[in-house]
Amino acid sequence: MSGERRAIGADRRSASDRAQTPIDFAVGAGVFLLTLGFVIAFIPTVFDPFAGAATASPVVSDRIAAGIAGDLLAASPTEPGVLSPACTVAYFDGDEGNATLADAAGCPAGVANDTAAAFGIDDEVLVVVHAMGASDPIGNASTVSIDTRYGTHPVKLRRSTRDPVRLDRGGVSVSQRLVSIEGTQYRLTVWVW
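Residues numbered from 1 in each chain as written. Predicted model: local features only at pLDDT ≥ 70, side-chain atom pairs only at ≥ 80, totals over all residues. Heavy atoms only, no water.

Visitor: How would you sum up the overall build of the protein chain? Please name residues and give values.
Guide: Along the protein chain, the regular secondary structure elements total 6 helices and 7 strands. Tracing the protein chain from N to C terminus, the helices and strands come up as α-α-α-β-α-α-α-β-β-β-β-β-β. With 193 residues in all, the protein chain has 36% of them scored as buried. Across the protein chain, the fraction of contacts at a sequence separation of at least 24, relative to all contacts at a separation of at least 6, is 61%. (Helix = DSSP H or I, 4+ residues; strand = E, 2+ residues; numbered from the N terminus. Buried < 20%, exposed > 50% of the residue type's maximum accessible area, 1.4 Å probe, protein only. Contact = heavy atoms within 4.5 Å.)

Shown next as structure tokens:
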């Protein structure tokens, strides 16, 4: 008997008894339109990383600043930001660096090389170590007398891939790191054009 009752109840349903079809359609269409609008709004930003930027990428300047302070001139891998006196002199000593001192002190390869070439970029790079509160870091590079086991070296802590640096060029990216040389804190600033 219970089978007969179910069959009778199933026959009583009509087309007008369907559960909220217009509301379901409206909600579904609304969700679809919102999703479509979101996709159309954000499609241009998907391709931004592949587009040529008018300015130098902050990722590049940040990678160079981190590489110089943490690897290239670091006294120890466990103390990034504490610069090795001998490697610092070798890096900043002249435009080409001091390859002889770099080899004698056991500095990482690339200390005496061109900064842009060492980091694999074609842009112009300026590296300056300056006092913490310097208002014009480009013009106020610190000149420090650094003691190494190879002697005392007076060094201007400024190095660029091109001298004089063209400050009038647009599209500059700047990154900074706090560094320490023989216990004194400085700010290392990297500009990439």
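Visitor: Go over the environment of T143, please, and point to the residues and values.
Guide: The topology assignment puts T143 in strand β3 (residues 143-148). The sequence separation of T143 and R158 amounts to 15 residues, and the corresponding C-alpha distance is 8.7 Å.

Visitor: Talk me through the packing of aromatic side chains; I want residue IDs and the actual numbers.
Guide: Enumeration over the complete set of coordinates arrives at 2 aromatic pairs. Here F38 and F42 contribute two aromatic rings whose centre-to-centre distance is 4.7 Å and whose plane-to-plane angle is 50 degrees, an arrangement assigned as tilted. In this pair, F38 and F42 are both assigned in helix α2 (residues 21-46), 4 residues apart and thus about one turn of the helix distant. A residue is classified by how much of its surface remains accessible, and F42, at 42% relative accessible area, is partly exposed. Where Y91 meets F92, the ring centres are 4.8 Å apart and the plane angle is 90 degrees; that geometry is what we call edge-to-face. Each member of the pair Y91 and F92 is classed as buried. (Phe/Tyr/Trp six-rings, centres within 6.5 Å; stacked < 30°, edge-to-face > 60°.)

Visitor: Explain the environment of A112 to me, using residue names and the numbers behind them.
Guide: Locating A112 in the fold gives a position in the loop between α5 (99-105) and α6 (115-118). What makes A112 buried here is its relative accessible area of 14%. In the structure, A112 is positioned 25 residues away from C87 in sequence and 9.1 Å away in space, judged by C-alpha atoms.

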